[in-house]
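Next come the chains, spelled out residue by residue.
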Amino acid sequence: MGKPAIGFIGLGLMGAAMVDRLLDQGYALTIMANRSRPNIDAAVARGAAEVGTAREVAEASDIVMLCMDTSASVEMRMRGADGVIAGLRKDAVVIDFGTSLPGSTRILGAEAVAAGGHYLDAPLGRTPAHAKDGLLNIMAAGDKAVFDRVEPVLKDLGENVFHLGVLGSGHTIKLLNNFFGMTVANAMAEAFAVADVAGIDRKSVYDVMSAGPLHSGMMDFVKAYGVDNDPNKLEFAIKNAAKDVGYYAMMTKDAGVDSIMSKGPLEALTLACDAGQGDEMVSQMVDFFAARFKT
């Protein structure tokens, strides 16, 4: 059998890298502009077909992939006369690769099934650089038979492809993952800033902490900026981190519990966005804390 026709909506940093990978693997792609043109133009130059609406993307596709910033954006592209659901082929599969609210995911999944299609959540781990080489971590969830059908495509995009259970489980685990990661990142950033206040060299702090059980990839990402002045080891913006930790807090509230640990990183990330740092990378939270402690 030939490769399935792929539709892709959301060619930001991650989405554009995934589209490049799919084109490298010989998939026929249909795309649409979401916010900006450069990545669209680059994909079209490589052979992707551009259409004007999400409905047209769905009409041309066996698998519709979304890599959007928020649940609201996914809902907007899925619903309405020009939405994915309106153009969904029978038995087509929609895959949400973004970090979305599990409750929203389950509702959209039911709407897709009612329209004759299927829905998987499959949030991503790792970076756009990994995406270009097909080395993502993919946390998929939803009907197992549907997952099995699209697993070969997912394996062209990811090195580690998990099936995690019922629809929404992938987004739940991704929010747990990002909550934990952003808590560590903010703790490391604050530790560097407090070292400044105490007159201790940041590299000395890193050398000691990384020699023990606290050492982690996230610590290294923050050190890359805090010590080495390279913010791009982790290509994840502060505004996206704030969104994800906020979604985690919403998820816990919906589950009837009050998260304690998310409050600190969420406050810091939100204040950094309010101070104009939203488009900076998470490792640059070091600057946020350093500036705050000087006042």
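Along each chain, residue indices are assigned from 1 in the same order as the chain's sequence is written. Side-chain atom pairs in this predicted model are given and counted only at pLDDT of 80 or more, local residue features only at pLDDT of at least 70, and totals for whole chains, interfaces and linings cover all residues. For the side-chain quantities, the full set of heavy atoms in the structure was used; hydrogens and water were omitted.

Think of it this way: any DSSP run of H or I at least four residues long counts as a helix, any run of E at least two long counts as a strand, and we number them from the N terminus. For the chain, the count of helices and strands is 14 helices and nine strands. A compact globule built from 295 residues should have a C-alpha radius of gyration of about 19 Å, and the chain, at 20 Å, falls within 12% of that. Counting only contacts in the chain whose residues sit at least 6 apart along the sequence, the fraction spanning at least 24 positions is 67%. A 1.4 Å probe and the Shrake-Rupley method give the accessible areas. Residues count as covered only by the protein chains that appear here. Approximately 13,100 Å² of the chain is accessible, and the part contributed by carbon and sulfur atoms is 56%. One way to put it: in the chain the 27 positive side-chain charges average out to a point 2 Å from where the 36 negative ones average out. Here the radius of gyration uses the C-alpha set of atoms, whereas the globule reference equals 2.2 Å times the residue count to the power 0.38. When checking whether two residues touch, look at their non-hydrogen atoms; a contact exists if any pair is within 4.5 Å. Only four residue types enter the charge count, namely Lys and Arg as positive and Asp and Glu as negative; His and the chain termini do not. Lysine's charge is taken at NZ, arginine's at CZ, aspartate's at CG and glutamate's at CD.

All right, on to the pairing of strand 1 (residues 6–9) then. Where burial is concerned, the two faces of strand 1 agree: the one with Ile6 and Phe8 and the one with Gly7 and Ile9 are both buried. Any two strands with at least two DSSP bridges between them are considered paired. As judged from the four bridges shared by strand 1 and strand 2 (residues 29–32), these two strands associate in the parallel manner. Considered in strand 2, the bridge of Ile9 is made with Met32. A crossover links strand 1 with its parallel partner strand 2, the connecting element being helix 1 (residues 13–24), and its sense is right-handed. The pairing of strand 1 with strand 4 (residues 63–66) spans four bridges and is classified as parallel. Residue pairing across strands places Ile6 opposite Ile63, the latter belonging to strand 4. Residue burial is assigned from relative accessible area. The probe radius is 1.4 Å, only protein chains are included, and a residue is buried under 20% of its type maximum, exposed over 50%, and partly exposed in between. Crossovers are marked right-handed if the path from the first strand over the helix to the second runs clockwise, as seen with the strands pointing away from the viewer.

Okay, the sheet that holds strand 4 next. Read from one edge of the open sheet, six strands run 3-2-1-4-5-6, paired in parallel fashion. Unpaired on one side and paired on the other, strand 3 (49–50) and strand 6 (118–121) mark the two borders of the sheet. In terms of strand pairing, strand 5 (residues 93–96) meets strand 6 through four bridges, oriented parallel. Across the sheet, the residue bridging to Val94 is Tyr119, located in strand 6.

A separate point is the nonpolar core. Met18 and Phe97 are the most contacted members of the largest nonpolar core, which totals 36 residues. Among the elements that take part in this core, helix 1 stands out by supplying seven residues, more than any other. Sequence-distant contacts of Phe97, that is, excluding residues within four places in its chain, are made with Met18, Met65, Leu66, Cys67, Ala122, Pro123, Leu124, Ile138, Leu154 and Leu157. Take the buried Ala, Val, Leu, Ile, Met, Phe, Trp, Tyr and Cys residues and link them wherever side-chain atoms come within 4.5 Å; each set so joined is a nonpolar core.

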